[in-house]
Amino acid sequence: MGMAPPKHMRNLMGILKDKISLIKATVSLSKRTTSSSFHIAVLRLTTHDPSSPPPDHLIDDILALCHHSLPTASAYIDALISRLHNTRNAYVALKCLFTLHAIVSRGSSLLKDQITHCPFSASPNFLNLSNFRDDFDSESWELSSWVRWYAGVIEQSLIVSRILGFYFSSSLPSSNRYQRIDKILRLSSKNLLKELEALVGMLEQICRAPESLDYQRISLIYEVMKLVGEDYRMNMREIFSRVSEFGVRIERLSLDELNELLEILMKLEDCKEKLILMFLNKKKNDGVWESIRETKVNVEVIKGKRENMKLVRFEGRTGEGSEWDRFGERVSESRDSSQMLLPAPCGSRWLDADRKAITLSMA
């Protein structure tokens, strides 16, 4: 029997490494090392096996375990982030990110708060994977780009959540949605623009997905795209609510606010084709994209009218000033004359008249 291909050898070594790590963690657990139980849970979810994503039932067990206990939730997040930062294997990194994403999407507020409130989350690039590289082979190299992109999606998701004041990727009851709509109605245009910009920033990050979309044939990437697609759907719902509100208050926006809104809407439209290609759901969002297009056209029309009015007022002031200047020049010329010619009371002959100072009253 010939030697196994290098990739098969790597997979076998990865499986062996997982087993050794589990044995070590189990031994530590027998010595009553508290962190070992969380380490074991993380290892079972993030194996080197490239064939499948983390099992749903194991993720559900973790979510249930960490639902009410702050120490438990904090210890589990620490173990998961440690695993993520210490691996150089693209599959392990993707599984860590997938588990983290599942927590953001489905976990309790207590568990999610451990992500958003921990010290490393203060930076926009807090997952610190922008330089991640798995250079074992060409496929690992390409998967590394998926790791970097996926980390950016999760980071942007948490940034948006901070700005909106809730985890927008969560499925919330209808009553909470009504409360969010009421909050939108009461927001200032400045804060509404800030929220819309963050939401569009999320779509821009999703659009930075690697061009190798055919990698969705890999079951792990396919599951990742399903989760990201759910974020996209909820993101569009939030964007639609804010664009609709701007459609109502558009006449009251200042010129600066109109310029900022137009720039955001242009960025949003630039995302359209890539998003349709990624999620193949053109018909589902046709109404939303049409509303965005109409709002953008209205902003351009109102912005144009405001700028024209401003230009007319400016030219009017400039024209008035020029007329006064010309009048002043005529008066000045008359003052410089040594004599003034006045018509004679009768006849056609002009009489010489002594020059007298002329005082103009501008009252």
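Details of the structure are given in the entry above.
Residues numbered from 1 in each chain as written. Predicted model: local features only at pLDDT ≥ 70, side-chain atom pairs only at ≥ 80, totals over all residues. Heavy atoms only, no water.

Some thoughts on the pattern of salt bridges
For step 1, the next point in the chain: Considering all chains together, one arrives at 17 salt bridges under this definition.
For step 2, the next point in the chain: A salt bridge links Glu195 to Arg242, with the shortest nitrogen-to-oxygen separation between them at 2.8 Å. Placement of Glu195 in helix α9 (residues 189-206) and of Arg242 in helix α10 (residues 219-249) is noted, with a sequence separation of 47 residues between them. Here Glu195 matches Arg242 in class, with each residue buried.
For step 3, the next point in the chain: Salt-bridge contacts for Glu269 lead to Lys296; the nearest nitrogen and oxygen are separated by 3.7 Å. Of this pair, Glu269 sits in helix α11 (residues 255-279) while Lys296 sits in helix α12 (residues 286-336), and the two are 27 residues apart along the sequence.
For step 4, the next point in the chain: Since its relative accessible area comes to 15%, Lys296 is described here as buried.
For step 5, the next point in the chain: Taken together, the shared-partner salt bridges connect Arg180, Lys183, Glu195, Arg237, Glu238 and Arg242 into one network. (Salt bridge = Lys/Arg side-chain N within 4 Å of Asp/Glu carboxyl O. Helix = DSSP H or I, 4+ residues; strand = E, 2+ residues; numbered from the N terminus. Buried < 20%, exposed > 50% of the residue type's maximum accessible area, 1.4 Å probe, protein only.)

Comments concerning helix α6 (residues 109-116)
For step 1, the next point in the chain: Looking at α6, one finds that the buried residues are Leu111, Lys112, Gln114, Ile115 and Thr116.
For step 2, the next point in the chain: Buried residues belonging to α6 abut α3 (56-65), α4 (70-86), α5 (90-106) and α7 (138-164). (Contact = heavy atoms within 4.5 Å.)

Structural notes on unusual backbone geometry
For step 1, the next point in the chain: Positive phi outside glycine occurs at Asn128, with the angle close to 60 degrees.
For step 2, the next point in the chain: Mapped onto the fold, Asn128 is located in the loop between α6 and α7.

Section: α7
For step 1, the next point in the chain: Over its 27 residues, α7 runs 40 Å from end to end, which matches the ideal 39 Å to within 8%, given 1.5 Å per residue.
For step 2, the next point in the chain: Counted residue by residue, α7 has 20 buried out of 27 residues, so it is predominantly covered.
For step 3, the next point in the chain: Structurally, the start of α7 carries an N-cap: the backbone nitrogen of Glu139 is 3.2 Å from a side-chain oxygen of Asp137. (Expected span 1.5 Å × (residues − 1). Polar contact = N/O pair within 3.5 Å; in protein donor to acceptor, adjacent residues only side chain to side chain.)

Focus: the packing of α4 against α6
For step 1, the next point in the chain: Orientation of α4 relative to α6, taken along the N-to-C sense of each, is 45 degrees, at an axis distance of 9 Å. Regarding the angle of α4 to α6, the classification is oblique. Our pair here, α4 against α6, has a crossing hand that is right-handed. Where α4 approaches α6, its residues Leu70, Ala73, Ser74 and Ile77 are matched on the opposing element by Leu110, Leu111, Gln114 and Ile115.
For step 2, the next point in the chain: By residue class, the composition of the contact of α4 with α6 is six nonpolar, two polar and no charged. (Axes fitted to C-alpha atoms, helices over the stretch in contact; angles between N-to-C directions. Parallel < 35°, antiparallel > 145°, perpendicular 65-115°, else oblique. Left-handed = near helix turned anticlockwise from the far one by under 90°. Nonpolar A, V, L, I, M, F, W, Y, C, P; charged D, E, K, R; others polar.)

Quick word on the environment of Ala90
For step 1, the next point in the chain: On the secondary structure map, Ala90 appears in helix α5.
For step 2, the next point in the chain: For Ala90, a relative accessible area of 1% translates into the label buried.
For step 3, the next point in the chain: When the C-alpha atoms of Ala90 and Asp135 are compared, they prove to be 9.2 Å apart, with 45 residues separating the residues in sequence.
For step 4, the next point in the chain: Discounting residues that sit within four places of it in the chain, Ala90 has contacts with Phe132, Asp134, Ser140, Leu143, Ser144 and Val147.

Re the packing of aromatic side chains
For step 1, the next point in the chain: A full pass over the atoms with the stated rule returns three aromatic pairs.
For step 2, the next point in the chain: An angle of 90 degrees between the planes, with centres 5.5 Å apart, marks the rings of Trp146 and Trp149 as edge-to-face. In this pair, Trp146 and Trp149 both sit in helix α7, three residues apart, roughly one turn of the helix. Neither residue differs from the other here; Trp146 and Trp149 are each classed as buried.
For step 3, the next point in the chain: Ring geometry for Tyr232 against Phe279: centres 4.9 Å apart, planes inclined by 10 degrees, an arrangement best described as stacked. Here Tyr232 is found in helix α10, whereas its partner Phe279 is found in helix α11, with 47 residues between them in sequence. We note that Tyr232, like Phe279, is buried.
For step 4, the next point in the chain: Taken together, the ring pairs in this structure connect Trp146, Trp149 and Tyr150 into an aromatic cluster.
For step 5, the next point in the chain: Sitting over the ring of Phe166, Arg180 keeps its end group 4.4 Å from the ring centre. (Phe/Tyr/Trp six-rings, centres within 6.5 Å; stacked < 30°, edge-to-face > 60°. Lys NZ or Arg CZ within 6 Å of the ring centre and 35° of its normal.)

Quick notes on the environment of Ile163
For step 1, the next point in the chain: The topology assignment puts Ile163 in helix α7.
For step 2, the next point in the chain: Distance in space between the C-alpha atoms of Ile163 and Glu195 is 6.4 Å, their sequence separation being 32 residues.
For step 3, the next point in the chain: Apart from the residues lying within four places of it in its own chain, the contact partners of Ile163 are Lys194, Glu195 and Ala198.

A few points about the environment of Ser82
For step 1, the next point in the chain: Relative to the assigned elements, Ser82 resides in helix α4.
For step 2, the next point in the chain: Spatially, the C-alpha atoms of Ser82 and Cys96 are 9.7 Å apart, while their sequence positions differ by 14 residues.

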